[in-house]
Amino acid sequence: MNQIVIRKATLLTMEGTNGCKPFEADLLIEGGRIAAIGENVVARSDAKVIDGRNRLVMPGLINAHTHSSETFFRGRYEGMPLEVWLLYAYPLLMGPVIDERLLYLRSLLLAMDSLRNGVTTICDDFFDPPTHDLSRLGAAFRAYEQAGIRANVSSAVMNVHTLDALPYAREVLPKALQDKLDFGPLMPAGDYIDYCRSAFASLHGKPERLRFMIAPSAPQRCTPDMLAACHDLAIEMGVPLHTHVLETKTQAVTGPEFYGKSLIAYMHELGALSRNTTIAHSVWVSDADIALMGAAGCSIAHNAVSNQKLGAGIAPIRKLLDAGVVVGLGTDGVSSNDTARIFDVMRTAALIHSTSGPDYERWIKAEEILAMATIGGARSAMLEQRTGSLAPGKAADLLILNLNTFNFFPLNDIPKQLVFSENGSSIETVMVDGEIVVQGGRLQTVNEDDVLAEIRERVPAHLAAHAELEKLNSIFHVSVAEIHRRATAQPIGFDRYAGDAMR
Ligand SMILES: [Zn+2]
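Residues numbered from 1 in each chain as written. Predicted model: local features only at pLDDT ≥ 70, side-chain atom pairs only at ≥ 80, totals over all residues. Heavy atoms only, no water.

- An unreviewed UniProt entry lists the protein chain under the name Amidohydrolase, from Ensifer adhaerens.
- Database annotation for the protein chain, UniProt heading Sequence similarities (unreviewed entry): "Belongs to the metallo-dependent hydrolases superfamily. ATZ/TRZ family." (UniProt positions renumbered as here; feature names shortened; annotations may be inferred.)

Let's talk about the overall build of the protein chain
Here's step 1: Tallying secondary structure elements over the protein chain gives 17 helices and 17 strands in all.
Here's step 2: For 503 residues, the compact-globule estimate of 2.2 N^0.38 gives 23 Å, and the protein chain sits close to it at 22 Å.
Here's step 3: In terms of overall dimensions, the protein chain has C-alpha extents of about 75 × 50 × 40 Å along its principal axes.
Here's step 4: Looking at the protein chain as a whole, 59% of its 503 residues are labelled buried.
Here's step 5: Sequence separation of 24 or more characterises 77% of the internal contacts of the protein chain that already satisfy a separation of 6 or more.
Here's step 6: Approximately 19000 Å² of the protein chain is accessible, and the part contributed by carbon and sulfur atoms is 53%.
Here's step 7: Each charge sign in the protein chain was given a centre, from 46 positive and 58 negative side chains, and these centres are 2 Å apart. (Helix = DSSP H or I, 4+ residues; strand = E, 2+ residues; numbered from the N terminus. Rg over C-alpha atoms; globule rule 2.2 N^0.38 Å. Buried < 20%, exposed > 50% of the residue type's maximum accessible area, 1.4 Å probe, protein only. Contact = heavy atoms within 4.5 Å. Areas by Shrake-Rupley, 256 points an atom, 1.4 Å probe, with all protein chains shown as cover. Lys, Arg positive; Asp, Glu negative; His and termini not counted. Charge placed at Lys NZ, Arg CZ, Asp CG, Glu CD.)

Observations regarding the sheet that holds strand E7 (residues 119–124)
Here's step 1: Read across the open sheet, the four strands follow the order E6-E7-E8-E9; overall the sheet is parallel. If you trace the sheet from one side to the other, it starts and ends with strand E6 (61–66) and strand E9 (210–212), each paired once. The sheet shows a mean angle of 10° between the axes of neighbouring strands, direction not considered. (Pairing = 2+ DSSP bridges. Axes fitted to C-alpha atoms, helices over the stretch in contact; angles between N-to-C directions.)

Some thoughts on the UniProt feature "domain: Amidohydrolase-related" (unreviewed entry) in the protein chain
Here's step 1: Here, the residues flagged by UniProt with the feature "domain: Amidohydrolase-related" (unreviewed entry) are residues 56–437.
Here's step 2: Within the segment residues 56–437, helix and strand shares are 39% and 14% respectively, and the terminal C-alpha atoms sit 17 Å apart.

A short note on the coordination of the zinc ion
Here's step 1: Within the protein, the atoms that donate to the zinc ion are His-65 (NE2), His-67 (NE2), His-244 (NE2) and Asp-332 (OD), at distances of 2.0 to 2.7 Å.
Here's step 2: Classification of the site at the zinc ion as irregular follows from its four donor atoms and the range of 85 to 173° in their angles at the metal.
Here's step 3: Of note, the donors binding the zinc ion are all from one chain and are spaced H-x1-H-x176-H-x87-D. Here His-65 is found in strand E6, whereas its partner His-244 is found in strand E10 (residues 241–245), with 179 residues between them in sequence.
Here's step 4: Exposure remark for His-244: the relative accessible area of 7% places this residue in the buried category. (Donors = N, O, S within 2.8 Å, 3.2 Å for Na, K, Ca; no water. Tetrahedral: all angles 85-135°; square planar, octahedral: opposite > 155°, others 65-115°.)

Examining empty space enclosed by the protein
Here's step 1: Enumeration over the complete set of coordinates arrives at two cavities of 30 Å³ or more.
Here's step 2: Of the volumes computed, that of the second largest cavity is approximately 40 Å³.
Here's step 3: Looking at the second largest cavity, the residues that line it are Phe-126, Phe-127, Asp-128, Thr-131, His-132, Asp-133, Leu-137, Ser-155, Ala-156 and Tyr-195.
Here's step 4: Broken down by class, the residue content of the lining of the second largest cavity amounts to five nonpolar, three polar and two charged. (1 Å grid on protein atoms, 1.4 Å probe; cavity = no way out; pocket = protein on both sides within 12 Å on 5 of 7 lines; lining within 4 Å. Points joined across faces, edges and corners; volume = space filled by probe spheres on them. Nonpolar A, V, L, I, M, F, W, Y, C, P; charged D, E, K, R; others polar.)

Concerning the sheet that holds E10
Here's step 1: Here we have four strands laid out as an open sheet, ordered E10-E11-E12-E13, and parallel in their pairing. Two strands in the sheet have a free side with no partner beyond their single neighbour: E10 and strand E13 (326–329). Sheet twist, expressed as the average angle between the axes of neighbouring strands with direction ignored, equals 30°.
Here's step 2: Here strand E11 (residues 277–281) pairs with strand E12 (residues 299–302) via three bridges, running parallel. By the bridge assignment for E12, Ile-279 is matched with Ile-300.

A closer look at the packing of aromatic side chains
Here's step 1: As enumerated under the stated definition, the model contains eight aromatic pairs in all.
Here's step 2: Aromatic side chains Phe-258 and Tyr-259 sit 6.1 Å apart centroid to centroid with 85° between the ring planes, which places their arrangement in the edge-to-face category.
Here's step 3: Phe-258 gets classed as partly exposed once you look at its relative accessible area, which sits at 31%.
Here's step 4: Aromatic pair Tyr-360 and Trp-363: ring centres 6.2 Å apart, planes at 70°, arrangement edge-to-face.
Here's step 5: Given the relative accessible area of 28%, Trp-363 is considered partly exposed.
Here's step 6: Note that Arg-486 overlies the ring of Tyr-168, its terminal NZ or CZ placed 5.9 Å from the centroid. (Phe/Tyr/Trp six-rings, centres within 6.5 Å; stacked < 30°, edge-to-face > 60°. Lys NZ or Arg CZ within 6 Å of the ring centre and 35° of its normal.)

Topic: the packing of helix H2 (residues 100–116) against helix H16 (residues 448–473)
To characterise two packed helices, one gives the angle between the axes of the helices and the distance between these axes.
Here's step 1: Here H2 crosses H16 at 130°, and the two axes come no closer than 10 Å. Judged by the inter-axis angle, H2 sits oblique to H16. Crossing hand, H2 versus H16: left-handed. Taken together, the residues of H16 that come into contact with H2 (itself represented by Arg-101, Leu-102, Leu-105, Leu-108, Leu-109, Met-112 and Arg-116) are Glu-448, Val-451, Leu-452, Glu-454, Ile-455, Arg-458 and His-462.
Here's step 2: Counted by class, the contact of H2 with H16 contains eight nonpolar, one polar and five charged residues. (Parallel < 35°, antiparallel > 145°, perpendicular 65-115°, else oblique. Left-handed = near helix turned anticlockwise from the far one by under 90°.)

Considerations on the nonpolar core
Here's step 1: Ranked by internal contacts, the top residues of the largest apolar core, which has 139 residues, are Tyr-144, Ile-214, Met-346 and Leu-418.
Here's step 2: Among the elements that make up this core, the one with the highest residue count is H2 (ten residues).
Here's step 3: Ile-6, Ala-9, Leu-390 and Leu-398 belong to the second largest nonpolar core, which has 15 residues in total. (Core = buried A, V, L, I, M, F, W, Y, C linked by side-chain atoms within 4.5 Å.)

Side note on the side chain of His-231
Here's step 1: Inspection of the secondary structure assignment puts His-231 in helix H7 (residues 224–237).
Here's step 2: Side chain to side chain, His-231 and Ser-274 meet in a polar contact 2.7 Å long.
Here's step 3: Leaving out residues up to four positions away in the same chain, His-231 has contacts with Leu-241, Gly-271, Ala-272, Leu-273, Ser-274 and Thr-277. (Polar contact = N/O pair within 3.5 Å; in protein donor to acceptor, adjacent residues only side chain to side chain.)

Given below as structure tokens:
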């Protein structure tokens, strides 16, 4: 088996209680896994040797929540809340689906962008309406296999009519517009579970670093039997149930309107909150919701940048941590972010919570952010046995950063400088499963120029077609803006736009 040894590096392992204390050591990799960490570790004479002096070795970053479907929409929108933005990024009135080659390239671009910026694992909540198609899902898997990234990939499902998943929609939308949204019968739970089982049989674990996860899009967008069946299958297969809960004020109103309780309480009653449950956002959770989430041992993906872009608010991260909820960091899709860089999310998340109140002892610290970006994200993806920290037996998913860059000069404190100063530009080498996938800022697994050239040629027609869909769907803009206005005017007992200080 191939050996790689990194000599005399500064290591930040994120493993155990001292995981944020950098120290100098060697790190030996064998067969894609970390074989040893220590002083003067013994390596075979044919081992590849990397000089680690003035270099930081740390775990690869985990993107706990993203959507590859948005990768071509970088920088396309601004100034819209989630519900309005969705009309344009995820049009209700659909046109022809993106062709499979471009779908492959879209996923490949996300993987390339992620790896170059130090993200070694992505959780892609793959959304490809109107159908679920193994060949198209397989194109995303092939892209991640080719790029060399670790990935959890879903096939997001919703089986409740859009107008029944949005409060006030039936009152607000004119009948003529409502009629345009009748697309016939929605997917029964059993059909989706059968589809997931075929994805497990044909794509999951091939190769080992690529996994399938189960993704009912949101509790209000799925029938109760769909949610329950998805949760049962997630437990059976040992994978996350990846979903969106309480991102916006509109969603905070949705639970009481539809079920007479919060969406978290609703999920709890359905038995859909557990260690396997990973919740994107969790911005508008009440103290009672947080207690249920902590007791269930579930995880959240904190999308600190996306939540500001869409005006959703600031998630109560300190309270969630106190309750024992696992926290990872996500970019969300490249349209609501507009990058695939977890370093940006780290810095934003480290800053925004300081506005949550005057009790500065409770602000989120750099070391906590680093844990979220690595081992916390790995836990939220149920991959903590495999990745998220540097320890013997774990996969060699790691970054080598140059400590001679401006971001670390002069060197005061590595964790704080990683969070507040670094932006990914100090990365020299990225490894996944011990394979060098990025070296000197370039992908080693794909020919970047060829991929970008092909996208450059194909994407204008796709974006032109998408612009037509945006125009078509703008007929719903006024109504959805009215739903947003009504929901935001609704009292719900607490206000999270400005964080805990406003409660
Ligand atoms: Zn999302």
